[in-house]
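# A look at the structure
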Amino acid sequence: MKKLLFLLLLTILVLGNTHAQRIHKLFDASWKFHRGDVINAENENFNDQNWRILDLPHDWSIEDLPDQSDSVIGPFYAKSVGATATGYTVGGIGWYRKHFTLNNSPDKEVVIYFDGVYMNSDVYINGHHLGNHPYGYTPFSYNLTPYLKRDGEENILAVKVSNEGRNSRWYSGSGIFRHVWLTVTPGLHLAQWGVYITTPEVSDKTATINIKSNLVNEDAVDKKVILRTVIFDATNRKVAETKNEMMIAGANSASTAAANKVQQTFQVSAPHLWSPDAPYLYHAVSALVVNGKVIDQEKNSFGIRSINISAEHGFLLNGKRILLRGGCVHHDNGPLGSATIDAAEIRKVHLLKSFGFNAVRTSHNPPSQQFLDACDSIGIIVIDEAFDQWERGKNPQDYHLYFDTCWQKDIAAMVQRDRNHPAVVFWSIGNEINERADSSGLVIAKNLRDEVKSFDNTRPVTEAICHFWDHPGYKWDTTAAAFALLDVGGYNYLWKLYEADHAKYPERVMMGTESYPMEAIDNWQQVKKHPYVIGDFVWTAMDYLGETGIGHTGLDSTPGFQLQTFPWFNSWCGDIDLIGGKKPQMYYRDVVWGQSKMEMLVHKPVPEGHKEAVSAWGWPDEVHSYTFPGDEGKTMQVHVYTSYPQVRLQLNGKTIGEQNVSEEKKLIGTFNITYQPGVLKAIALQDGLPVDSVTLQTAGKPVKIKLTADRNHIHADQNDLSYITAEVVDANGHLVPDAVMPLQFHIEGVGKIIATANANPSDMESFQQPKHQTFRGKCLIIVQPKGKAGSIRLKAEGKGLKSGEVAINTE
């Protein structure tokens, strides 16, 4: 029924008005899927009757594997080719097929657009091979028009996806993991990504808007057209308008006078300026008018803002200095894998913003369109990164195999798709590139930079450069030629070189493109002190799948780069955990950034005779709680992170001690206590007087389950989600932070459970079953609407616990 309704709607849209504006519709519904290679699956008459039917976006690597055992747990396989890099998940080959009927008139152009397919996709229409796209993170499209069947005949779109071998250093996911659109236009239309909006002059009083439009005429003859562009503010009020009349050359035209590129300039009085604090969005509606009728129309959002960067003044946004509180993120959505469901991307950006980040680096690839839309509307500055490797690979089957033949089209796709996003402030051409300082790498860097600037010359270009661990004997100053090609120099883990490099290269603008959590204050002090250091980006803002246990804490091991083996599956290096919770290092960063005046954490006891070993990307094993049954009488360490000058610690009303705190002491007060249950209280002192306090209290025994939805009212749309946190609480409703208990979930109504998870980086379970074990008293349930308005009721049960329920309405 859903497929029939979609086809009917599509037919009405195309045939209902021959002068209709373009149709740009999601093409996600009712694809057929088979995991594994199949001979002749691209052919029209191939029998896919028994294939699974699903909706996109889809990531098969997050789905449960068959034949579960001790070595096959949920989507994880101990002998996975990707092993620690991909979190022991499995790639392989998959096929997708889409049946559709499109009764468009012959003069319509029909294009299929993929925002991302991981990886090495081959696309066919009715048996015709349209092309191969190796890179998994850039959008691409194909013109279906020459091969479409008309008059109600069925068309078959087939996509083969090949995620084979060792091709990624982190979890990539597999499949058509981003959205697909079908676009139908007349022969004369606006080109894909053909509207380019810039704001060359900006002040509080007025702003100049420059819009360059690229028109395409696939019809045989020249056509006279009016390009009408109207700018609207966020309340949909018209603020500017202009028209240009021109002749556009046809496909068979010999005319040299006809133009297809148009530049229009607008003035906006008293503009609302875009910034992280006030992410105000305008939109431009571009319409092509022929003989008084609109034949094509497109809407593009944008923000009015100015960017100025210099070593003397730092990063100025709209004339005001901004310090970049940044974090790196990979593209996965935790228990959803890489599937780009809109609400998941929005939630990720909301989490970053709510935890104090004002900037993000999309490591190490272009993100989804929905992620950038969320950054625009929520207010997060973006480093939009292109590649993790160039000609020299980091894995045998990674992008280096395709770089020479694909880099230009992938740069073009990234920059042209993303250049109207006000949140995108930096373009990054690479991360820790092996040939970064070699002669070949310098040529590549220059070509990449020039290619980026050929599509957008309004933003600075950067590259993340690290020390020469991969080239023993190279001197750091060898990087000078590489940095000279960049507008902003990206430094990975090298804050100690900032001041020395500034003395040598005083015009160089620097940015910490990666940093260790344990060095948060060292990096931030450099940013605050020196305008030429414009920001710091921690590795990472959020836990991600793959690079298993890079942020682990263990006993008696040697700190450094030590990945953890099966059953570890996530990185555990993020400030935010896999289900969206705040980790200990984020509490510290809150104080470093000035988001909080004081926080307190308690270190778990280290077994006698052992020594804690923290990885370079890790954090000591401390928690934001005070419940340690069985550890009574043991010595524990308490850290009070504070910007107050003095702090007093009390346990059950008894003073343990007082300490002076300063930036020289890294804003840390350290106390040793003998654990006994009760109330732990840190009191901030100013001039000897109490001015603030924080408290941790021992929780009671587990009694019941508490369910909390991030949103109780959501759209009846499969691109919306409700994230529900299950907490095991005591009789007083306090979280029991040591509760590790299996919970079961039951759902009724117009929704379904699509994922469950906890934050434990080594507790392998299925993400897709309606049950999960808690970690530190919590787990997560993700609910998706079925597409109908109504109510959803979720119930959680656990042995010996009073059940919990939550209601969600869809509309």
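Description of the structure in this document.

## Quick look at the overall build of the protein
Along the protein, the regular secondary structure elements total nine helices and 49 strands. Taking 811 residues into account, the globule formula puts the C-alpha radius of gyration at 28 Å, and the protein, at 28 Å, falls close to it. Seen through its principal axes, the protein has C-alpha atoms that stretch 90 × 65 × 55 Å. Looking at the protein as a whole, 59% of its 811 residues qualify as buried. Of the contacts formed within the protein by residues at least 6 apart in sequence, a portion of 71% connects residues at least 24 apart. Total accessible area on the protein stands at roughly 31600 Å², and carbon and sulfur atoms take up 49% of it.

## Concerning the pattern of salt bridges
A complete count under the given rule lists 39 salt bridges for this structure. With its nearest N and O atoms 3.3 Å apart, the salt bridge here joins lysine 529 to glutamate 499. Note that lysine 529 is positioned in helix H8 (residues 520–529) and glutamate 499 in helix H7 (residues 498–504), a separation of 30 residues in sequence. Exposure remark for lysine 529: the relative accessible area of 56% places this residue in the exposed category. Looking at glutamate 499, the relative accessible area reads 37%, which means it is partly exposed. Here arginine 711 makes a salt bridge to aspartate 720, at a shortest N to O gap of 2.7 Å. It is possible to trace a salt-bridge network through shared partners that takes in Arg169, Asp388, Lys394 and Glu547.

## Side note on the pairing of strand S44 (residues 742–749)
The side chains of a regular strand alternate between both faces of the sheet. The pairing of S44 with strand S46 (residues 771–773) spans three bridges and is antiparallel. Looking at S46, one finds that glutamine 744 is bridged to lysine 771.

## Digging into the side chain of aspartate 456
Locating aspartate 456 in the fold gives a position in the loop between helix H5 (439–455) and strand S27 (461–465). A polar contact of 3.0 Å, which involves the side chain of aspartate 456, links it to the side chain of arginine 459. When neighbours within four sequence positions are excluded, aspartate 456 is seen to be in contact with Tyr196, Val415, Arg419 and Trp427.

Definitions and limits used
- Residues numbered from 1 in each chain as written.
- Predicted model: local features only at pLDDT ≥ 70, side-chain atom pairs only at ≥ 80, totals over all residues.
- Heavy atoms only, no water.
- Helix = DSSP H or I, 4+ residues; strand = E, 2+ residues; numbered from the N terminus.
- Rg over C-alpha atoms; globule rule 2.2 N^0.38 Å.
- Buried < 20%, exposed > 50% of the residue type's maximum accessible area, 1.4 Å probe, protein only.
- Contact = heavy atoms within 4.5 Å.
- Areas by Shrake-Rupley, 256 points an atom, 1.4 Å probe, with all protein chains shown as cover.
- Salt bridge = Lys/Arg side-chain N within 4 Å of Asp/Glu carboxyl O.
- Pairing = 2+ DSSP bridges.
- Polar contact = N/O pair within 3.5 Å; in protein donor to acceptor, adjacent residues only side chain to side chain.

Purely geometric numbers; function is a separate question.
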